[in-house]
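Chain residues, written in single-letter form:
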Amino acid sequence: VSLKQLLWCPACVSSRVITGGRHAVWAEEGSGSERNCSAIPPYLPPTAVNTTLRIRDLRASMIPLNISAYIIPATDAHLSEYIAPRDARLAWMSGFTGSAGTAVITQNKAVLWTDSRYWIQAERQIDCNWELERDGEDITNWLILEIPEGGQVGFDPFLFSVGEQTELTKYFPTNKILSIHQIIMKKKILEQIRAQISDNPYKPTAVLLSALDETAWLFNLRGNDIPFNPFFYSYTLLSMDEIWLFVHIERITEELKVYLNTSCYHSYCVQLLEYSSVRTYLQSYLQRPSVRVWVGTEYTNQALYELITPEDKLLTTTYSPVLTTKAVKDATEQRILKEAHIRDAVAVMQLLVWLEKKVPEGTETELTAAHFVDQCRSKQKNSRGPSFETISASGANAALAHYSPSNETARKLSVDEMYLVDSGGQYLDGTTDITRTVHWGKPTDFQKEAYTRVLMGNIEISRSVFPAGTRGVNMEMLGRRALWEVGLNYGHGTGHGLGNYFGVHEWPVGFQSNNIPFQEGMFTSIEPGYYKENDFGIRIEDIAVTVPATTKHGNNYLTFETVSLVPYDRKLINTSLLSPEQVHWLNKYYESIRSVVGPELERQALKEEYDWMMKHTAPFLSAGASAVISSVTLLVTILGWL
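Residues numbered from 1 in each chain as written. Predicted model: local features only at pLDDT ≥ 70, side-chain atom pairs only at ≥ 80, totals over all residues. Heavy atoms only, no water.

Within an unreviewed UniProt entry, the label attached to the chain reads X-prolyl aminopeptidase (aminopeptidase P) 2, membrane-bound, and the organism entered is Cyprinus carpio.

A. Layout of the sheet that holds strand 16 (residues 391-394). Sheet architecture is open: 3 strands sit in the order 16-17-20, paired in antiparallel fashion. Because the sheet does not close on itself, it has two edges, and the strands there are strand 16 and strand 20 (434-439). In this sheet, neighbouring strand axes are inclined to one another by 10° on average, regardless of whether the strands run parallel or antiparallel. Judged from the 6 bridges that link them, strand 17 (residues 418-423) and strand 20 form a sheet pairing that is antiparallel. Bridge pairing in strand 20 places methionine 418 opposite histidine 439. Lying on the sheet, helix 14 (residues 366-378) is in contact with strand 16, strand 17 and strand 20; it crosses strand 16 at an angle near 145°. (Pairing = 2+ DSSP bridges. Helix = DSSP H or I, 4+ residues; strand = E, 2+ residues; numbered from the N terminus. Axes fitted to C-alpha atoms, helices over the stretch in contact; angles between N-to-C directions. Contact = heavy atoms within 4.5 Å.)

B. Structural view of the state of the cysteines. Applying the stated criterion across every chain yields a total of 1 disulfide. Each disulfide pairs two cysteine sulfurs, and for cysteine 37 the partner residue is cysteine 128, the sulfurs being separated by 2.1 Å. The chirality of the disulfide connecting cysteine 37 with cysteine 128 is left-handed, given an S-S dihedral of about -95°. Here cysteine 37 is found in the loop between strand 1 (25-26) and strand 2 (43-44), whereas its partner cysteine 128 is found in the loop between helix 4 (119-125) and strand 6 (131-133), with 91 residues between them in sequence. According to the relative accessible area criterion, cysteine 37 is partly exposed, its value standing at 27%. Using a relative accessible area of 31% as the deciding quantity, one classes cysteine 128 as partly exposed. (Disulfide = S-S within 2.5 Å. Buried < 20%, exposed > 50% of the residue type's maximum accessible area, 1.4 Å probe, protein only.)

C. Looking closely at the packing of aromatic side chains. As enumerated under the stated definition, the model contains 24 aromatic pairs in all. In this structure an aromatic cluster arises from ring pairing among Tyr568, Trp585, Tyr589, Tyr590 and Phe620. Between arginine 480 and the ring centre of tyrosine 490, over which it is positioned, the NZ or CZ distance is 3.8 Å. Across from the ring centre of phenylalanine 620, 4.3 Å away, lies the NZ or CZ of arginine 570, which sits over that ring. (Phe/Tyr/Trp six-rings, centres within 6.5 Å; stacked < 30°, edge-to-face > 60°. Lys NZ or Arg CZ within 6 Å of the ring centre and 35° of its normal.)

D. Broad picture of the nonpolar core. In terms of nonpolar packing, the biggest core is built from 63 residues, with Leu355 and Tyr568 touching the most fellow members. Top contributing element to this core by residue count: helix 13 (residues 331-358), with 11 residues. Excluding residues within four positions of it along the chain, tyrosine 568 makes contact with Arg436, Tyr451, Leu455, Asn458, Ile540, Asp542, Ile573, Trp585, Leu586, Tyr589 and Tyr590. In this structure, Ile193, Leu221, Ile243 and Leu315 belong to the second largest nonpolar core, which totals 27 residues. (Core = buried A, V, L, I, M, F, W, Y, C linked by side-chain atoms within 4.5 Å.)

E. Structural context of the pairing of strand 16. Here strand 16 shows a buried face lined by Ile391 and Ala393 and a second buried face lined by Ser392 and Ser394. Here strand 16 pairs with strand 17 via 4 bridges, running antiparallel. Residue pairing for strand 17: serine 392 is matched across the bridge by valine 421.

F. Fine view of the packing of helix 17 (residues 580-603) against helix 18 (residues 607-616). Put simply, helix 17 and helix 18 touch, their axes get as near as 10 Å, and they point 175° apart. By the angle between their directions, the pair helix 17 and helix 18 is classed as roughly antiparallel. In this structure, helix 17 uses Tyr590, Ile593, Arg594, Gly598, Leu601 and Glu602 to contact helix 18, whose residues at the interface are Glu609, Tyr610, Met613, Met614 and His616. Split by residue class, the contact of helix 17 with helix 18 holds 6 nonpolar, 2 polar and 3 charged. (Parallel < 35°, antiparallel > 145°, perpendicular 65-115°, else oblique. Nonpolar A, V, L, I, M, F, W, Y, C, P; charged D, E, K, R; others polar.)

G. Just the pattern of salt bridges, in detail. A full pass over the atoms with the stated rule returns 31 salt bridges. A salt bridge links arginine 89 to aspartate 87; the nearest nitrogen and oxygen atoms lie 3.6 Å apart. Note on aspartate 87: relative accessible area 8%, which makes it buried. Residues joined in a network through salt bridges with shared partners are Asp213, Lys326, Lys329 and Glu506. (Salt bridge = Lys/Arg side-chain N within 4 Å of Asp/Glu carboxyl O.)

As structure tokens, this is what we get:
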């Protein structure tokens, strides 16, 4: 019986069987009203409920999950005070029917917390399997003392408020809290893909997954086989009835085995097979009658592809259903990916503030700057390291679009050169990628023009409104138009997809001809640039998510919401080149930085970075006006910290 099934079954067990050496005596009606567990044998009133079998079954379900303690509150999925009988989990498990209470069950204890209003009622309703906590000890403190090393706390997340979950994670690492929701989501994802297999008119019977992020997403797992990417070597063959996961089995822990097969039945059970056996097993599957394997040709290698014969056993699309489904983030994925970008913005601002102070001293290099931003990110919540090797490039090195510094090549940073930093972080809740180009001295007129035209391209894509289903390749020229007008261009793509703690380049989203059409909930980078050989390089890269756009007449239109929240270099912007619409977009973007990142800077007590952010997000008055900060803005900056 799964934990979910057990706790949602108010009438599964009613037998009064007591196990152990000290059998309780059940009194007849009219006898004493409260239990006496110190008596020999223990005394139980007729109002008490025998919970022996219920607790036994729950504990048995906890063992394969490595759950050391399971929490049962007295509420429903809407956090109601008064609940329907079907939601009376606490009452069914413990016998206690009061409207306020929480139970925790471990392998050797069952404890009920309730306030003094219900102590007598509890003593009349619970049997001697239970301890009634009267001294007010906090549940979290109790758990800290009871949970063994390596143990986990389990709960149903539908029954916990955000605040309660936050409080719990203050004391227990997130990997020590096993939510039944994880198991439900794994099954939900499998169901999504199987529905696409079933609905496909060409009648495939299975899909073969070869890209590492496909398997990682399907099972909601991460690894560390690839630098900067949380992937593990794997293949998956998913049919309507079976799941085969090909991995290095000796590296699979018992915890992972439990996770993959928790409460599984029939088609949800994962069969673990050796990574090297994928060809052999695929051949074996193809020997079955009437099978057809669906593959995405972009990420299926020839060694596997050539096995799928004859042709009527093969179905091909450019991308697998996993990649196209993963490309659209649900509401939770969107929220947490945005939250990761807020913290990431703090780290990038810390870098830019530090560089403004240190570069004039002449002591910093491209390499020390790269190390510094990595350190800043490492201190942010949920950090798991950089998402790629930082591109930290000054002067002529920045003209190399994907240059990374080394001890041999690192230039000393100078106020006389432009500096480009393209960096990103891996966080448990999201992956980030952002590029900013700055100048600490006096840029030339051409540098300012080139920078402004790159910025114009970024803004034009970001503010565009387009029908859902538009391909990025049909919008890509918006990022180049301002450069093309004066005979400038750049030689790389304009954007790529991004994942939730996945790869920093996540296909198939972006602006290239082989990317899929944009739908609501897709994240992409927007990164036009310009590079003058042996002189300087410019790139402005932001991450944006497609969101519904409000239009006067049409429906089902989209636009971009920028989630990278770091201001651009004001001294490089020639506002006389910007249209009023571009200035308006820029000011609205700066308002977002203030309202979203400002509170996080205050929360982290980063006053210097907060002041820097306020200074660099001062509004541009109008096209052609000077990008100066008014005295009113300065006053607001000062008062914000009083």
